[in-house]
Amino acid sequence: MAKSGTNFFIKDMIGRPGVSSADRFFRATVLTGALSVLVITCVIAFELVRNSVLPIKKFGWSFLWGTTWDPIAEVFGGLPFLYGTLVSSILALLIAVPVGLGVAIFLSELAPRRASDPIAFLVELLAAVPSVIYGLVGIFVFVPWVRNFIEPALSGTLGFLPLFRGAPYGVGMLTAGLVLAMMVVPFIVSVSREILMAVPRSQREAILSLGATRWEMVRVAVLPYARSGIMGSIFLALARALGETMAVTMVIGNRPEIRLSLFEPGYTMAAVIANEFTEATGDLYLQALIEIGLVLFAVTILVNALARLMIHSVFTKVEVRE
Amino acid sequence: MIPGLLLRRRVTNVVMLSLTGVSTALVLGVLFFILGYITYHGISALDWDFFTKLPKPVGEKGGGMANAIVGTIKLLFLASLIGVPIGFMGGVYLSEYGRKNTAGFLIRYAADLLNGIPSIVMGIFAYTIVVLPMGHFSTVAGGVALGIMMIPIAVRSSEEFLKLVPATVREAGLALGLSEWKVVCFIVIPTAFRGIVTGIMLDLARVAGETAPLLFTAFSNRFWSRGWLEPTASLPVMIYTYAIAPYEDWHRQAWAAGMVLLMLVLGANVVSRLILHRQLKG
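Residues numbered from 1 in each chain as written. Chains lettered and ligands numbered in written order. Predicted model: local features only at pLDDT ≥ 70, side-chain atom pairs only at ≥ 80, totals over all residues. Heavy atoms only, no water.

Student: Quick question: what am I supposed to make of the overall build of chain A here?
Tutor: Helix and strand content of chain A: 14 helices and 2 strands. When its C-alpha atoms are laid out on the principal axes, chain A stretches across 70 × 60 × 30 Å. A buried classification covers 55% of the 322 residues belonging to chain A. Summarising the internal contacts of chain A: among those between residues at least 6 apart in sequence, 75% fall at separations of at least 24. Carbon and sulfur atoms provide 67% of the accessible area of chain A, an area that totals close to 14000 Å². In chain A, which carries 24 positive and 21 negative side-chain charges, the distance between the mean positions of the two groups comes to 9 Å. (Helix = DSSP H or I, 4+ residues; strand = E, 2+ residues; numbered from the N terminus. Buried < 20%, exposed > 50% of the residue type's maximum accessible area, 1.4 Å probe, protein only. Contact = heavy atoms within 4.5 Å. Areas by Shrake-Rupley, 256 points an atom, 1.4 Å probe, with all protein chains shown as cover. Lys, Arg positive; Asp, Glu negative; His and termini not counted. Charge placed at Lys NZ, Arg CZ, Asp CG, Glu CD.)

Student: Even after reading the chapter, I still don't get the overall build of chain B, so can you show me in this structure?
Tutor: Counting its regular elements, chain B contains 10 helices and 0 strands. Sequence-ordered secondary structure for chain B, helices as α and strands as β, is α-α-α-α-α-α-α-α-α-α. At 24 Å, chain B has a C-alpha radius of gyration far larger than the 19 Å of a compact globule built from 282 residues. In terms of overall dimensions, chain B has C-alpha extents of about 75 × 65 × 35 Å along its principal axes. For chain B, restricting intrachain contacts to residue pairs at least 6 apart in sequence, the fraction spanning at least 24 positions comes to 73%. Within the structure as shown, chain B displays about 12100 Å² of accessible surface, and the carbon and sulfur contribution to it stands at 72%. Taking the average place of the 22 positive charges on the side chains of chain B and the average place of its 14 negative ones, the gap between the two points comes to 9 Å. (Rg over C-alpha atoms; globule rule 2.2 N^0.38 Å.)

Student: I'm lost on the pattern of salt bridges in this one. Help?
Tutor: Working definition: two side chains of opposite charge can pair if their charged atoms are close together. A full pass over the atoms with the stated rule returns 21 salt bridges over all chains. Here B:R108 and B:E159 are joined by a salt bridge, their closest N and O atoms 3.0 Å apart. Taken together, the positions of B:R108 in helix α4 (residues 102-116) and B:E159 in helix α6 (residues 139-163) put the pair 51 residues apart, joining distant regions of the chain. Comparing B:R108 with B:E159, the two get one shared label, buried. Salt bridges here are not isolated pairs; linked through shared partners, they connect A:R308, B:R108, B:D112, B:R156, B:E159 and B:K163. (Salt bridge = Lys/Arg side-chain N within 4 Å of Asp/Glu carboxyl O.)

Student: Help me understand the interface of chain B and chain A, please; the structure alone is not making it clear to me.
Tutor: For interface size, the figure often reported is the accessible area lost on association. Every contact between the two is made by 86 residues of chain B and, on the other side, 87 residues of chain A. In total, chain B and chain A occlude about 7700 Å² of area from one another, counting both sides; carbon and sulfur atoms represent 79% of this. At the boundary of chain B and chain A, one finds 3 salt bridges. Between B:R273 and A:E124 there is a salt bridge, with the nearest N and O atoms lying 3.0 Å from each other. Here the residues of the side of chain B that touches chain A sort into 60 nonpolar, 17 polar and 9 charged. (Buried area = accessible area lost by both parts, 1.4 Å probe. Nonpolar A, V, L, I, M, F, W, Y, C, P; charged D, E, K, R; others polar.)

Student: Would you take a moment to explain the side chain of B:R170 for this structure?
Tutor: Residues and elements named next belong to chain B. In this fold, R170 is placed in helix α7 (residues 167-175). Polar contacts involving the side chain of R170 include one to the side chain of E96, which spans 2.5 Å. Ignoring sequence-local partners within four residues, the contact set of R170 consists of S95, E96, R99, L162, K163, V165, V183 and V188. (Polar contact = N/O pair within 3.5 Å; in protein donor to acceptor, adjacent residues only side chain to side chain.)

Student: Teacher, can you tell me more about the packing of aromatic side chains here?
Tutor: Note on aromatic pairs: each is described by the distance of the centres and the angle between the planes. As enumerated under the stated definition, the model contains 25 aromatic pairs over all chains in all. On the basis of an interplanar angle of 65° and a centroid distance of 6.1 Å, the ring pair of A:F142 and A:W145 is categorised as edge-to-face. With A:F142 and A:W145 both in helix α7 (residues 131-158), this residue pair falls 3 residues apart, about one helical turn. For A:F142, a relative accessible area of 8% translates into the label buried. When its relative accessible area of 39% is taken as the criterion, A:W145 is described as partly exposed. Seen from their ring centres, B:F33 and B:Y37 are 5.4 Å apart, and the 35° between their planes marks the pair as tilted. With a gap of 4 residues between them, B:F33 and B:Y37 both fall in helix α1 (residues 4-45), about one helical turn apart. The exposure class of B:F33 is partly exposed, given its relative accessible area of 34%. (Phe/Tyr/Trp six-rings, centres within 6.5 Å; stacked < 30°, edge-to-face > 60°.)

Student: For this particular structure, what's the right way to read the layout of surface pockets?
Tutor: Space left empty within the atom packing is revealed by a probe, the size of a water molecule, rolled over the atoms. The volume enclosed by the second largest pocket comes to roughly 460 Å³. Around the second largest pocket sit 19 residues that line it, and A:I95, A:L178, A:A181, A:M182 and B:L26 are the ones nearest its centre. Looking at the lining of the second largest pocket, the elements with two or more residues in it are α5 (79-110), α7 and α8 (173-198) of chain A together with α1 of chain B. For the lining of the second largest pocket, a count of residues per class yields 18 nonpolar, 1 polar and no charged. (1 Å grid on protein atoms, 1.4 Å probe; cavity = no way out; pocket = protein on both sides within 12 Å on 5 of 7 lines; lining within 4 Å. Points joined across faces, edges and corners; volume = space filled by probe spheres on them.)

Student: Is there a simple way to explain the confidence of the model for chain A in this structure?
Tutor: Reading fine detail from the predicted coordinates is not recommended where pLDDT is low. Residue and element names in this part refer to chain A. Averaged over chain A, the pLDDT score is 89; the fraction of residues at 70 or greater is 92%. The secondary-structure element of chain A with the lowest mean pLDDT is helix α1 (residues 2-15), recorded at 47, while α5 shows the highest, at 96. Under a pLDDT of 50 for its full length, residues 1-6 has, in the predicted model, 7 contacts with residues more than four places off or in other chains. (pLDDT = per-residue confidence, 0-100.)

Student: How should I be thinking about the side chain of B:T232 in this particular structure?
Tutor: The residue B:T232 is located in the loop between α8 (180-208) and α9 (235-244) in this model. Beyond its immediate chain neighbours, meaning those up to four positions away, B:T232 contacts B:G71, B:L75, B:T139, B:A218, B:F219, B:S220, B:N221 and B:S225.

Student: It is not clear to me how the environment of A:L125 should be interpreted in this structure. Could you clarify?
Tutor: Looking at where A:L125 falls in the secondary structure, it is placed in helix α6 (residues 113-128). Looking at A:L125, the relative accessible area reads 7%, which means it is buried. Remark: the alpha-carbon pair of A:L125 and A:G243, spanning 118 residues in sequence, is separated by 20 Å. Setting aside residues no more than four positions away along its own chain, A:L125 makes contact with B:L31, B:L266, B:N269 and B:V270.

Student: Hey, could you run me through the confidence of the model for chain B in this one?
Tutor: Averaged over every residue, the pLDDT of chain B is 92; the share at 70 or more is 98%. Scoring of the predicted complex yields 0.91 for pTM and 0.93 for ipTM.

Student: Teacher, can you tell me more about the packing of helix α2 (residues 21-50) of chain A against α8(B) here?
Tutor: How two helices sit against one another is set out by the angle between their axes and by the gap between those axes. At a minimum axis separation of 8 Å, α2(A) and α8(B) run at an interaxial angle of 55°. As judged from the angle between their axes, α2(A) and α8(B) are oblique. Along its contact with α2(A), which presents A:A22, A:D23 and A:F26, the element α8(B) presents B:E180, B:W181, B:V184 and B:C185. (Axes fitted to C-alpha atoms, helices over the stretch in contact; angles between N-to-C directions. Parallel < 35°, antiparallel > 145°, perpendicular 65-115°, else oblique.)

Student: What is the right way to read α8(A) from this model?
Tutor: Since there are 3.6 residues in each turn of an α-helix, residues three or four apart along the chain are aligned in direction. Across its 26 residues, α8(A) extends 36 Å between first and last C-alpha, which sits within 8% of the 38 Å expected from 1.5 Å per residue. Most of α8(A) is tucked away, with 22 of its 26 residues classed as buried. (Expected span 1.5 Å × (residues − 1).)

Student: Looking at this model, I keep getting lost on the environment of B:F77. Mind explaining?
Tutor: Position of B:F77 among the secondary structure elements: in helix α3 (residues 66-96). A C-alpha to C-alpha distance of 18 Å links B:F77 and B:F137, two positions 60 residues apart in sequence.

See the structure below:
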């Protein structure tokens, strides 16, 4: 109460004609800083569009579904990269969502507060590890490990599916998905945990008093209440996975082809920019790479915007009800 | 006798709850594995040359990454010149004037979106506004890319810490007849100062490990980078180039660099969380 009271007070002071010019100047100064956040975001979008006019004019929308990426013939189609980005990110989510939700449920419902906070801190440290470090461990540990154990095991048991056929290279979609999963788990955990903890006690007590077990409480009362927030955290993780560059570039194999098997090397939008940008000869080639950046930008902005709205909605719901 | 349905419910309960415990153990296991593995390989690879020598020509053994360490420090310095003032001012606006209005909402939203833009796209942006007009890669371009990446977190963390200053403190200042900007500058900001600095430290730690935005802005350099207009080496980019190169000795140095970078980043994280924890308690 006191907080909003002061707020009105401050607003009132500014609204009055007698406000000193020093106050107005100060407010204008900090507003400049705040507005530049908006301006920079818009300028980024503008610059990306401005610097990809050549391929936009030449290829139009077919840039998005063309499958040939041939810098020598100057034919640029981005579909293999879109496909690789999408498949590796979805694969990452398939692994990271159940694990991340498991951790969030454990931390919010089972672990005592004294253990929950330090563990949450450790999980967040995982998000602080630079992506090039994941790539380093990826190349020297996970690639051989996937080649020697995971892929033979998968093709032995699930080999009847076309997804798990082919020679075990180690580098490829599967490894990229695994490494990405490790990188996005902390985002799912930290956001979902906060959202689960924001679910009112009354929800839990009501279902427990009806004789539900702890798990039934989670499944019936807690998760549905937090659903849109959890979806938000998943979208947040998806946005991270889509834009992740270094670790993926180092383990995905970098081949611009669309293959059904997860064992095959692929390529992502971020990876092709990282690999070819400095070597791009000719304006069309360079601008085609910038257009890939533009597509990536558009996709991640969209996913992020959705994620933020979903997370926001849960917290306002909680505020209103309590 | 427990009836079948009840038994099944109890078993499901135990199984599912244990699975959540297993996932927690798994995630913590990954963290400790990465830390342990990097430390194990890094320590055996680290030597004094790493900190004091330049990289040796391709194929020769030995050498170090002194230029990359200095390069990373220079890049972080430039990044803070851009990220800290803008972020700090934005944070002050959001906490003092933008708590409930539309402008505040829009700016907060824009900051979150800016934070979500992939780092490689930031690299392209810095390339188009700095490298293209200048005609060559430079330390400044890398600094611009990292600086813009710092802004959203600097905004949000400054805002959070300023909001923690109790309303009563502001009211006390206003009641004494201080003008509003004096209350903010001399009472609110100093009270939140430690938190804000810690937030910025975390922010620096995050961009210190960024590789993608530097690949075609700061580029790389096997020698010392003089001034601010030459390309410069940096630790993350060195790790990347050395890790994907086919030389045994480069891999060794990549591990060493990886350990140094990881310790710096995680060290900054742990220290700042401890400071915050103590501040929130006391």
